[in-house]
Amino acid sequence: KQEVTQIPAALSVPEGENLVLNCSFTDSAIYNLQWFRQDPGKGLTSLLLIQSSQREQTSGRLNASLDKSSGRSTLYIAASQPGDSATYLCAECTSYGKLTFGQGTILTVHP
Amino acid sequence: DTAVSQTPKYLVTQMGNDKSIKCEQNLGHDTMYWYKQDSKKFLKIMFSYNNKELIINETVPNRFSPKSPDKAHLNLHINSLELGDSAVYFCASSQDIGSTEAFFGQGTRLTVV
């Protein structure tokens, strides 16, 4: 059974801090791992996608890593800003493009 | 200019009714999906279609029937709505059923009263 777990469930930090969100998955037949952002009452915005053959991807202040052997991915956010406040979801993509999501990490960055 | 668009955005209806949610993507993708986000914000796949063919049916009650008239559209019809069907339903698309990025619509918040 595929499971994706995200730790912590919630995180509150002051503006300017660097932070790490964790994601673990159980299916070794992963095709890729995606990180999404969801704002309250909104849809999902894709942040980063890491193919199974890759180790990391970077976009601006975001860096995501993937370690298939340990079944872990991390999302690193540098110099956090209040506008980064949202729920962050990781999802592993397996056969037929199916995404299995974690429960999300609710991030609050306060000024 | 929305890539994946769903209508309606909000839907309030009574138990027992039949309703449809429409989804369209203008990305030229081959694969479309429906996901359900429950009251605890947990997202789970319901269906996927590739080139109008059903690929994934994730043990969803047969009151839910997806319809894909063409590659750009995947509609979700729900019969005999129940209170437990209240959730946010998200449509998504990707280039194909392989390891490509998924793009999500804004969601349809369904409330069954």
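For the structure, check the block above.
As the structure is a computational prediction, the values presented were derived from the model and not from experiment.

Q: What should I look at first to understand the pattern of salt bridges in this one?
A: Once the charged atoms of two side chains with opposite charge are near each other, the side chains can pair. All names here are of chain B. Per the counting criterion, the structure on display carries six salt bridges over all chains. Linking arginine 63 and aspartate 85 is a salt bridge whose minimum nitrogen-to-oxygen distance equals 2.8 Å. Of this pair, arginine 63 sits in the loop between strand E6 (53–57) and strand E7 (64–70) while aspartate 85 is found in the loop between strand E8 (73–78) and strand E9 (87–94), placing the two residues 22 residues apart along the sequence. Here the two residues arginine 63 and aspartate 85 agree in accessibility, since each one is buried.

Q: Help me understand the state of the cysteines in this model?
A: Here, disulfide denotes a covalent bond that connects the sulfur atoms of two cysteines. Considering all chains together, one arrives at two disulfides over all chains under this definition. A disulfide bridge connects cysteine 23 of chain A with cysteine 90 of chain A, and the sulfur atoms are separated by 1.9 Å. Taking the torsion about the sulfur-sulfur bond, which here is approximately 75 degrees, the covalent link between cysteine 23 of chain A and cysteine 90 of chain A counts as right-handed. Here cysteine 23 of chain A, found in strand E3 (residues 19–25), pairs with cysteine 90 of chain A, found in strand E9 (residues 86–93); they are 67 residues apart in sequence, far enough to count as distant. Residue class for cysteine 90 of chain A comes out buried when judged on its relative accessible area of 0%. One disulfide in the model links cysteine 23 of chain B with cysteine 91 of chain B; its S-S distance is 1.9 Å. Here the disulfide of cysteine 23 of chain B and cysteine 91 of chain B is left-handed, its torsion about the S-S bond being about -75 degrees. Here cysteine 23 of chain B, found in strand E3 (residues 19–25), pairs with cysteine 91 of chain B, found in strand E9; they are 68 residues apart in sequence, far enough to count as distant. Neither residue differs from the other here; cysteine 23 of chain B and cysteine 91 of chain B are each classed as buried.

Q: Just checking my understanding: could you explain the layout of surface pockets for this structure?
A: Rolled over the atoms, a probe sized like a water molecule indicates the empty space that remains. Considered as a void within the structure, the largest pocket measures approximately 460 Å³ in volume. Elements with a minimum of two residues in the lining of the largest pocket: E9 and strand E11 (105–110) of chain A together with E9 of chain B. With three residues, the top contributor of residues to the lining of the largest pocket is E9 of chain B.

Calculation criteria
- Each chain carries its own residue numbering, running from 1 in the direction its sequence is written.
- As a convention, the first chain written is A and the first ligand written is 1, with the rest following in written order.
- For this predicted model, a pLDDT threshold of at least 70 governs which residues receive local features, and a threshold of 80 or more governs which side-chain atom pairs are given and counted, while totals over whole chains, interfaces and linings are taken from all residues.
- Remark: hydrogens and water are excluded; side-chain values derive from all non-hydrogen atoms of the structure.
- By convention in these notes, a salt bridge is any Lys or Arg side-chain nitrogen within 4 Å of a carboxyl oxygen on Asp or Glu.
- Runs of H or I in DSSP of at least four residues are treated as helices and runs of E of at least two as strands, each being numbered from the N terminus.
- Buried means the residue's accessible area, taken with a 1.4 Å probe over protein chains only, is under 20% of the maximum for its type, while exposed means over 50%, and partly exposed covers the values in between.
- Counting rule for disulfides: a pair of cysteine sulfur atoms within 2.5 Å.
- In the cavity and pocket records, a cavity denotes points on a 1 Å grid over the protein atoms alone where a 1.4 Å probe fits but cannot get out, a pocket denotes an open set with protein on both sides within 12 Å along at least 5 of 7 lines, and lining residues are residues with an atom within 4 Å of a point.
- Grid points are joined across faces, edges and corners, and a volume is the space filled by probe spheres set on the points.

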